[in-house]
Amino acid sequence: MQLVLLTAIGVGGATIIGSIIGFIFKKFSHKFADIVLSFAAGVMLAAAVLGLIVPSLEYGGKWGLLITVTGIFCGAICINLIDKLVPHMHKLIGTESEAHPSANLNKVLLFVTAIAIHNLPEGIAAGVGFGSDNPEGALLIAGGIALQNIPEGMVIIAPMLAAGISPKKTFIAAALTGVVEIIGTLLGYFAVSLSATILPFALAFAGGTMLYVISDEMIPETHSHGYQRGATYSLLVGFCLILVSDVLLG
């Protein structure tokens, strides 16, 4: 339990670390952001497959394939429904962030709310991983999500400051998006701890949410500024890093 709690704090704290970096640099190049986010996408992709989907097949028994496929699609549909209600970053932040601050305030607040809502299932995915007998895999999953949270925390800062929100309130809002992820991690862990029978489905569900976020959010974001070649190789580096780590730890 102590490891789960520390991991939850680490996953949520990554957003705060990203926010601090955002305060220091205010603006950073799209190329840098795309490379970092793509690397995180590669890490998350490998972690989702190796740490969630493969174990789901193993724990599911004779119905493993059906449970896993169903869980993946249920997870993806869940995030899709959230997207219908609250769009995510590339749908909210664009050239409008340079518009008149008061006119853009509501959009920026919606942007921060969207990040917080999307962080909940990501946190749950990190927590579910600890329900299996593979703490190393769970840490890889949490590490991938934490890496994604750093650039996400970075991009929160500049639009909020530009909209006229004070630095103190900006930091508090960014920190709260990380707290949501801590809550999600603990929820995911306790859900599978209470009932081992839901573990195969929960693992696949968490894997589906991560696959959806990678495909629908992270890859389009990193391929929309003209640096898609570098972003692609960065994703491959992240994926192979987790692949190598999994083999060595296994």
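What you are looking at is a predicted structure, and each value in this text was computed from that prediction instead of being measured. (Residues numbered from 1 in each chain as written. Predicted model: local features only at pLDDT ≥ 70, side-chain atom pairs only at ≥ 80, totals over all residues. Heavy atoms only, no water.)

## A short note on the overall build of the protein chain
Heads up, the condition is: Per the convention used, a helix needs a DSSP run of H or I reaching at least four residues, while a strand needs a run of E reaching at least two, with both numbered from the N terminus. For each residue, the accessible area found with a 1.4 Å probe, counting protein chains only, is set against the maximum for its type, and the residue is called buried under 20%, exposed over 50%, and partly exposed in between. Any pair of residues with heavy atoms lying within 4.5 Å of one another is described as a contacting pair.
Scanning the protein chain from N- to C-terminus turns up nine helices and zero strands. When its helices and strands are written in sequence order, the protein chain yields α-α-α-α-α-α-α-α-α. Here the protein chain, with 250 residues, has 46% of them falling under the buried criterion. Sequence-distant contacts, at least 24 apart, represent 85% of the contacts inside the protein chain between residues at least 6 apart.

## Looking at helix α7 (residues 167–194)
We apply this condition: For a helix, the expected span equals 1.5 Å multiplied by the residue count minus one.
Look at α7: 41 Å from first C-alpha to last across 28 residues, which is about the 40 Å you get at 1.5 Å a residue. Taken as a whole, α7 has its buried residues at T170, A173, A174, A175, T177, G178, E181, G184, T185, G188, Y189 and V192.

## Section: the packing of helix α3 (residues 64–85) against helix α8 (residues 199–222)
Applicable threshold: Lines are fitted to the C-alpha atoms to define the axes, a helix being fitted only along its stretch in contact, and any angle between axes, read from their N-to-C directions, falls within 0 to 180 degrees. By the definition adopted for this analysis, an angle is roughly parallel if under 35 degrees, roughly antiparallel if over 145, roughly perpendicular if from 65 to 115, and oblique otherwise. Each helix crossing is assigned a hand: it is left-handed if the near helix lies turned anticlockwise from the far helix by less than a right angle, otherwise right-handed if that turn is clockwise.
Between α3 and α8, the shortest axis-to-axis distance is 6 Å and the interhelical angle comes to 50°. As the angle between them shows, α3 and α8 are arranged oblique. Here α3 and α8 pass one another in a crossing that is right-handed. For the pair α3 and α8, the contacting residues are I67, T68, T70, G71, I72, C74, G75, A76, C78, I79, N80 and D83 in the first and P200, F201, A204, F205, G208, T209, L211, Y212, V213, D216 and E217 in the second.

## Observations concerning α3
We count it as follows: Taken from the helix axis, the directions to the C-beta atoms give the arc we talk about.
Taking 1.5 Å per residue as the helical rise, α3 with its 22 residues ought to reach 32 Å, and the 32 Å between its terminal C-alpha atoms agrees with that figure. What α3 keeps buried is the set G64, T68, G71, G75, A76, I79, I82 and D83. Down the axis of α3, the buried set is contained in an arc of 125°. They therefore lie on one face. More than 90 degrees from the buried face of α3, the exposed residues found are L66, F73, L81, K84 and L85.

## Side note on the environment of L203
Here L203 lies in helix α8. We classify L203 as buried; its relative accessible area is 0%. In sequence terms L203 and I67 are 136 residues apart; their C-alpha atoms lie 9.8 Å from each other. Apart from the residues lying within four places of it in its own chain, the contact partners of L203 are G51, L52, P55, S56, Y59, V128 and G129.

## Here's the deal with the confidence of the model for the protein chain
Heads up, the condition is: For every residue, the predictor states its confidence as a pLDDT score lying anywhere from 0 to 100.
Put simply, the protein chain has an average pLDDT of 80, and 83% of its residues get 70 or more. For the protein chain, the element scoring lowest by mean pLDDT is helix α4 (residues 89–92), at 47; α3 scores highest, at 90. Within the model, the stretch residues 89–103 combines pLDDT values under 50 with 24 contacts to residues more than four positions away or in other chains.

## A short note on the nonpolar core
In globular proteins that are soluble, nonpolar side chains generally tend to be buried together. The cut-off we apply is this: Residues enter a nonpolar core if they are buried and are Ala, Val, Leu, Ile, Met, Phe, Trp, Tyr or Cys, with the set joined through side-chain atoms within 4.5 Å.
Core analysis: the largest hydrophobic core is formed by 28 residues, its most contacted members being M44, L52, V128, I141, I145, M210 and M218. For this core, the elements supplying multiple residues, two or more each, are α2 (30–59), α3, α5 (101–129), α6 (135–162) and α8. Per-element accounting of this core gives the leading share, nine residues, to α8. Setting aside its immediate chain neighbours within four residues, V128 contacts G188, Y189, V192, L199, A202, L203 and A206. Among the nonpolar cores identified, the runner-up in size contains seven residues, and M160, I165, A173 and A174 belong to it.

## What about the packing of helix α1 (residues 2–25) against α7?
Keep this limit in mind: All residues other than Ala, Val, Leu, Ile, Met, Phe, Trp, Tyr, Cys, Pro, Asp, Glu, Lys and Arg, Gly among them, are scored as polar; the first ten of these are nonpolar and the last four charged.
Between α1 and α7, whose axes approach to 8 Å, the crossing angle comes to 155°. Relative to α7, the element α1 is oriented roughly antiparallel. In this structure, α1 crosses over α7, and the sense of that crossing is right-handed. Contact residues: V4, L5, A8, I9, V11, G12, T15, I16, S19, I20 and F23 in α1; P167, T170, F171, A174, A175, T177, G178, E181, I182, T185, L186 and Y189 in α7. Residues of the contact of α1 with α7, tallied by class, amount to 15 nonpolar, seven polar and one charged.

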